[in-house]
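Summary of the model geometry
This is what each chain is made of:
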Amino acid sequence: MNIIKRIDRIISEQTNYSRKEIKKLISRGLIYVNNKQVKKTECKFDEKDISLKIGAEEIDIKNHIYLILNKPKGFVSTTDVIKENSVLNLLPERYKKRNLFPAGRLDKDTTGLMIITNDGQFAHNILAPNKHVKKVYEVKIDIPVSSIMKEGFEKGIKLNDGVCKPAILNIKEKYTAEVILSEGRYHQIKRMFGCYGAKVIELNRICIGNLYLPENLKIGDVRELTENELLMIQEK
Ligand code: URA
């Protein structure tokens, strides 16, 4: 697919330069596309098929962005950035015009690993139940975690929107457990424990696929995924 855009739009999406600064760079003759000087801001190019230089600096054009966020409590998995507490408002300014969306929802009070991307196919690959990509959560509930819950999770809990796929519940301490799901229904873990009269007090996602939340990614921190992490997250 061609992605034809004006050069000032391409540069503003790929760098921190404002439109005004880009106009100045063009008039100073500092923008090169395919090694040819660009003379006008109105020039259009297929951003998938160009080399771009600003002065001597080669700009690596990225169409797809993959970010990892350690989601804090109080933020909502919405693309509506008018809402002050959208997770997208945690991203640095340069990502704000890239049509990013959270790949999978976490509740407002859930913390942990969240992927933000503009690659719909990639999001589908890690979210669709038939892709079997696992999600691991640390959970704290208000009553002791029991082996009856464990057996029920493994058989498949019946919720009002259907029977859940078998899930793994590893009991950690009296009130804490690790839950492994391969699907993502609305409030799924809360509703699964709700079937046993238990209330979820803390919920933290620590892993998708084979990618664990990196230890040095503090709550609220966001950065781009490495190539290797991108592969790990899609592993079954
Ligand atoms: N299950 C829930 O109940 N909430 C989440 O945020 C994720 C899984």
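Residues numbered from 1 in each chain as written. Predicted model: local features only at pLDDT ≥ 70, side-chain atom pairs only at ≥ 80, totals over all residues. Heavy atoms only, no water.

Considerations on the domain arrangement of the protein
Where the parts come together, the accessible area they lose is often given as the size of the interface. Taken domain by domain, the protein consists of domain 1 (4-59), domain 2 (66-128 + 216-233) and domain 3 (134-208). Put simply, the middle of domain 1 and the middle of domain 2, counted by C-alpha atoms, are 28 Å apart. (Domains from an automatic or database assignment.)

Quick word on the site of the ligand
Within the structure, the ligand sits among Leu106, Asp107, Thr110, Tyr137, His187, Gln188, Ile189, Lys190 and Leu203. One nitrogen or oxygen atom from the main chain of His187 is found 3.3 Å from an oxygen atom belonging to the ligand. Take Gln188: an N or O atom from its main chain is 3.4 Å from an oxygen atom of the ligand. Isolated, the ligand exposes 230 Å² of accessible area, and the fraction of that covered by the protein chains is 96%. Here the ligand is seated within the largest pocket. Of the residues belonging to the shell around the ligand, the class tally is 4 nonpolar, 3 polar and 2 charged. (Near = heavy atom within 4 Å. Polar contact = N/O pair within 3.5 Å; in protein donor to acceptor, adjacent residues only side chain to side chain. Areas by Shrake-Rupley, 256 points an atom, 1.4 Å probe, with all protein chains shown as cover. 1 Å grid on protein atoms, 1.4 Å probe; cavity = no way out; pocket = protein on both sides within 12 Å on 5 of 7 lines; lining within 4 Å. Sits in = over half its atoms within 2 Å of the grid points. Nonpolar A, V, L, I, M, F, W, Y, C, P; charged D, E, K, R; others polar.)

Quick word on the environment of Val222
Checked against the element boundaries, Val222 lands in strand β17 (residues 222-224). Spatially, the C-alpha atom of Val222 lies 9.5 Å from that of Ile115, the residues being 107 residues apart in sequence. In contact with Val222, not counting residues within four places along its chain, are Leu67, Ile68, Leu69, Leu90, Leu91, Pro92 and Leu217. (Helix = DSSP H or I, 4+ residues; strand = E, 2+ residues; numbered from the N terminus. Contact = heavy atoms within 4.5 Å.)

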